[in-house]
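Listed below are the residues making up each chain.
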Amino acid sequence: MASGRRSPSPEPPGPQPIRRLHESLINRIAAGEIIHRPASALKELLENCLDAGSTSIQVTVKDGGMKLLQIQDNGCGIRKEDLPLLAERFTTSKLTTFSDLSKLTTYGFRGEALASISHVAHLTVITKTKSSNCAWKAAYVDGGLVPSKAGYTPDPKPCAGNNGTTITIEDMFYNTPTRLSALRSSSEEYARILDVMTKYAVHNSKVSFSCKKAGSLSPELSTPSCSDASQAIRQLYGHSIAKELLHVTASSASDDNTDMEDPEDPEAWSADAYFTNANYQGKKIALLLFINHRLVESHRIKRSIESIYSGILPKGSSPFVYLSINLDPRSVDVNVHPTKREVHFLNEEAIIERISDAIQQRLAAQSQSRVFEYQTLLTGGIAQSASRKGKEKASNVDELEGDDEGPEADRRVLGNQAKKVLSQHKVRTSLQDRTLDSMIPVADPLRTNSDEPVTAIRLRDIKQSACHFASITELRRLATKRIHHDLTEIIKKHTFVGVIDLSRCLALIQHNKNLYMVNHAALAEEMFYQLALLQFGDYNRLKLDPPPSLRTLVKFAVDVEEDTARSGMSNDEIVDRIVKTLMDRREMLHEYFSLDISETGDVKTLPHLLREYTPNLDKLPMFLMRLGPQVLWESEQECFGSFMRELAYFYSPAPLSVVSAAASDEDEQDKQKSEAWRIQNILFHAMRKYLAAPKFLLDNDVVQVASLPDLYRVFERC
């Protein structure tokens, strides 16, 4: 047996040399610690705006802040000579010595925010001080000035601008693809931005905040200046939280309602808290914690508050708490976290215990009454007391109306009352509402002088004719396939508003909370096509007495047609060809379409698609003329389909393109009133019953012109 030598184990690697990292790599690593996502960049810039004494802050966001994040304030601005240092690391106006940290009263102090942003995004600054004659614009990349456009120098350029500073961040994390891919969707990043803005807006209620998406006309978050914390909470978090709020103050003094005893005492402190009582039950705790006006997190304070409410709220329910703690700067260490998200302060446990006791005592003072939901036996619904009317959860506040009730209302139970809906979400019209027209039949204005009794219009049921033609079966299948169910629902349950323009065939209808402008001629034409298809081979007959001559009618239409010269034939030749085409097929027309033409060429009957409606016989010459060139006589399916399309166009209320003989103003007004009456009381009534609306009507013939909730938003902004 051969014996092999054992291979020697590899020698351990020697120590790697220590190298000094490149400055750009150092800065990019540091930037990743401070700027985690667009919301963290916004937090840093908001604090800079507040340090500058701004009273108005406007934020514009695109793609969750990854494409664009713009912050505009009206603060003191930045001097032109400071712009070259603006985006360098550790350049700040807040500190000069290390001892300044012990008396820090500003948000920022390290001078890293703008520097970090410039290393992961394209940064542009436009700023103007009150003493400056113009604004100055500067662009930054990797902490240094760069030309704003090709061919320019990197020096700041004068430009127009208001007092204050506008900072624009574009293409965030463009050079760190791993960080960019780790971010969530743009909608989630935008929600985080709104969350940061909301918290700072509550705490800084004297400052006006607004936030909107790029291209949007109205902001999604907007607060006025000169309000207080409770008003800001009501506006930003809703009525359901605001009406359950309790307020308490605490301090290092013996009296909880006094300010700090000695301003020179480094251990002096005060706290201001707004929190919900036991009647509010949220899914997740909402804790807004500010220490020395800085938004921070504290697991100790959060656990302490959760322990207070654990014996009050049901399991799985959480409160809303806004807590602001003011401490002597000498007792706070703010330099313990890269993003200043956490701070350490003296006597932390004692202060937390004191604040928790004050909150617990205030909750105990409100524990005499509680509001519970219970199920009634009569309706099976949820009954609510009047003091809780309109309150479910903060997220559902927009669906309810809250009223301030007196003490007597607390003792009433509204067992059968359903949830009240806001005014902008109420459907104020319904097809089932009884109207005067349904009780008193209204006659056609042109027939008011006749002796015939006025009866209400009742549409008959129309049954589908039995037909075994494969072409008709296919046409019916295609018509069913084209149905748009939502549009059909709108037509069937609409409320007629009125005719806008008879000449352009425009009318208004309402469905639920929306107002639509429709082309009633196009809708009626599609309805009559479907009725023609439904009754194929079994039409009622509209008798013409005396029967007019086919040739006379066609000749009249051809003579007024303007484009006959393009055919290369004379008018008489065109008339002869059309009349011959119809006469050769008069038996088929009579059998399938009830269009009876005598041997002598007289039109005796027409197909009657809807008994309650008579078409405008002024269009009869045009209808007969169009049957010649527009109907595809050679193919069975195309012949039947094109003939029924022409028949539907004849029945539609579209006005004639030919100018009729002049009539007196009074006669013209009577005709218009009669036509409007027929459109409202016959055609739209028939559309509700018979029309299965196809999708192509949405292209040009049905347009939503107003929505009740959108109108309320406009009125609220006015």
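Residues numbered from 1 in each chain as written. Predicted model: local features only at pLDDT ≥ 70, side-chain atom pairs only at ≥ 80, totals over all residues. Heavy atoms only, no water.

A.B. asks: Kindly report on the environment of Glu189, identifying the contributing residues and their values.
C.D. replies: Along the chain, Glu189 falls in helix H5 (residues 186-203). Judged by relative accessible area, which is 0%, Glu189 ranks as buried. When near neighbours in sequence (up to four residues on either side) are disregarded, Glu189 contacts Arg37, Pro38, Gly64, Met66, Leu183 and Arg184. (Helix = DSSP H or I, 4+ residues; strand = E, 2+ residues; numbered from the N terminus. Buried < 20%, exposed > 50% of the residue type's maximum accessible area, 1.4 Å probe, protein only. Contact = heavy atoms within 4.5 Å.)

A.B. asks: Describe helix H11 (residues 470-481), with residues and values.
C.D. replies: With twelve residues, H11 extends 16 Å from end C-alpha to end C-alpha; this agrees with the ideal 16 Å at 1.5 Å per step. Along H11, the residues classified as buried are Ser471, Ile472, Leu475, Arg476 and Ala479. Each buried residue of H11 lies within a common arc of 135 degrees when the element is viewed along its axis, so the set occupies one face. In H11, the exposed positions that point more than 90 degrees away from the buried face belong to Ala470, Thr480 and Lys481. (Expected span 1.5 Å × (residues − 1). Arc of directions from axis to C-beta.)

A.B. asks: Kindly report on the pattern of salt bridges, identifying the contributing residues and their values.
C.D. replies: As enumerated under the stated definition, the model contains 19 salt bridges in all. With a shortest N-O distance of 2.6 Å, Asp576 and Arg551 are connected by a salt bridge. Within this pair, whereas Asp576 is found in helix H15 (residues 571-584), its partner Arg551 is found in helix H14 (residues 550-560), the two being separated by 25 residues in sequence. A salt bridge links Arg626 to Glu646; the shortest N-O distance between them is 2.7 Å. You can see Arg626 sitting in helix H17 (residues 620-630) and its partner Glu646 sitting in helix H18 (residues 636-651), a full 20 residues away along the chain. Judged by its relative accessible area of 24%, Arg626 falls in the partly exposed class. (Salt bridge = Lys/Arg side-chain N within 4 Å of Asp/Glu carboxyl O.)

A.B. asks: Report on helix H13 (residues 520-534), specifying residues and quantitative values.
C.D. replies: Because the α-helix completes a turn every 3.6 residues, residues three or four places apart line up on one side. The end-to-end C-alpha distance of H13 is 21 Å, a good match for the 21 Å that 15 residues give at a rise of 1.5 Å each. Sitting at the amino-terminal end of H13 is Asn519, which places a side-chain oxygen 3.1 Å from the backbone nitrogen of Ala521. (Polar contact = N/O pair within 3.5 Å; in protein donor to acceptor, adjacent residues only side chain to side chain.)

A.B. asks: Mind laying out the nonpolar core, listing which residues take part and the relevant values?
C.D. replies: Ranked by size, the top nonpolar core spans 75 residues in total, and within it Phe528, Phe593, Phe640 and Met644 carry the most contacts. When residues in this core are grouped by element, the largest group, nine residues, is from H13. Setting aside residues no more than four positions away along its own chain, Phe528 makes contact with Leu609, Leu610, Tyr613, Ala648, Tyr651, Ser652 and Leu683. Of all hydrophobic cores here, the second largest spans 57 residues; its members include Ala41, Ile167, Val207 and Leu245. (Core = buried A, V, L, I, M, F, W, Y, C linked by side-chain atoms within 4.5 Å.)

A.B. asks: Outline the sheet that holds strand S22 (residues 514-519), listing residues and values.
C.D. replies: Taken in spatial order, the four strands make up an open sheet running S20-S21-S22-S26, and their pairing is antiparallel. At either end of the open sheet lies a strand with only one pairing partner, and these are strand S20 (495-501) and strand S26 (702-707). In this sheet, adjacent strand axes meet at a mean angle of 25 degrees when their direction is disregarded. Pairing geometry for S22 and S26, over five bridges, is antiparallel. Within S26, the position partnered with Tyr516 by the bridge is Gln704. The strands that H13 touches are S20, strand S21 (506-511), S22 and S26; relative to S22, the one it contacts most, it runs at about 70 degrees. Strand contacts of helix H19 (residues 665-690): S20, S21 and S22, with the helix running at about 135 degrees to S20, the strand carrying the most contacts. (Pairing = 2+ DSSP bridges. Axes fitted to C-alpha atoms, helices over the stretch in contact; angles between N-to-C directions.)

A.B. asks: Any chance you could break down the sheet that holds strand S12 (residues 286-291) for me, citing the residues and the numbers?
C.D. replies: Across the sheet, five strands lie side by side as S10-S11-S14-S12-S13; this open sheet has mixed pairing. Two strands in the sheet have a free side with no partner beyond their single neighbour: strand S10 (245-251) and strand S13 (294-295). Helix H6 (residues 229-237) contacts S10, strand S11 (269-276), S12 and strand S14 (320-327) of the sheet and is inclined by roughly 145 degrees relative to S14. The strands touched by helix H9 (residues 348-365) within the sheet are S10, S11 and S14, with S11 carrying the most contacts at an inclination of about 40 degrees.

A.B. asks: I'd like a rundown of the packing of aromatic side chains, residues and numbers included.
C.D. replies: Per the stated rule, a full pass over the model turns up 21 aromatic pairs. With a centroid separation of 6.5 Å and an interplanar angle of 40 degrees, the aromatic rings of Tyr613 and Tyr651 are classed as tilted. In this pair, Tyr613 is assigned in the loop between strand S25 (603-608) and H17 and Tyr651 in helix H18, connecting sequence segments 38 residues apart. On the basis of relative accessibility, which here comes to 2%, the residue Tyr613 falls in the buried class. (Phe/Tyr/Trp six-rings, centres within 6.5 Å; stacked < 30°, edge-to-face > 60°.)

A.B. asks: Go over the side chain of Lys199 with me, naming the residues and quoting the values.
C.D. replies: Following the sequence through the fold, Lys199 ends up in helix H5. Taking the relative accessible area as the measure of exposure, Lys199 reaches 18% and is therefore buried. Sequence-distant contacts of Lys199, that is, excluding residues within four places in its chain, are made with Tyr237, Leu287, Leu288, Phe290 and Leu295.

A.B. asks: Could you give an account of the pairing of strand S7 (residues 164-170), with specific residues and numbers?
C.D. replies: Of all seven residues in S7, six are buried; the element is thus mostly enclosed. In terms of strand pairing, strand S2 (residues 68-73) meets S7 through five bridges, oriented antiparallel. The partner of Gln72 across the bridge, within S7, is Thr166. Of the strand pairs in this sheet, strand S3 (residues 122-128) and S7 are connected by seven bridges, and their pairing is antiparallel. Within S7, the position partnered with Leu123 by the bridge is Ile169.

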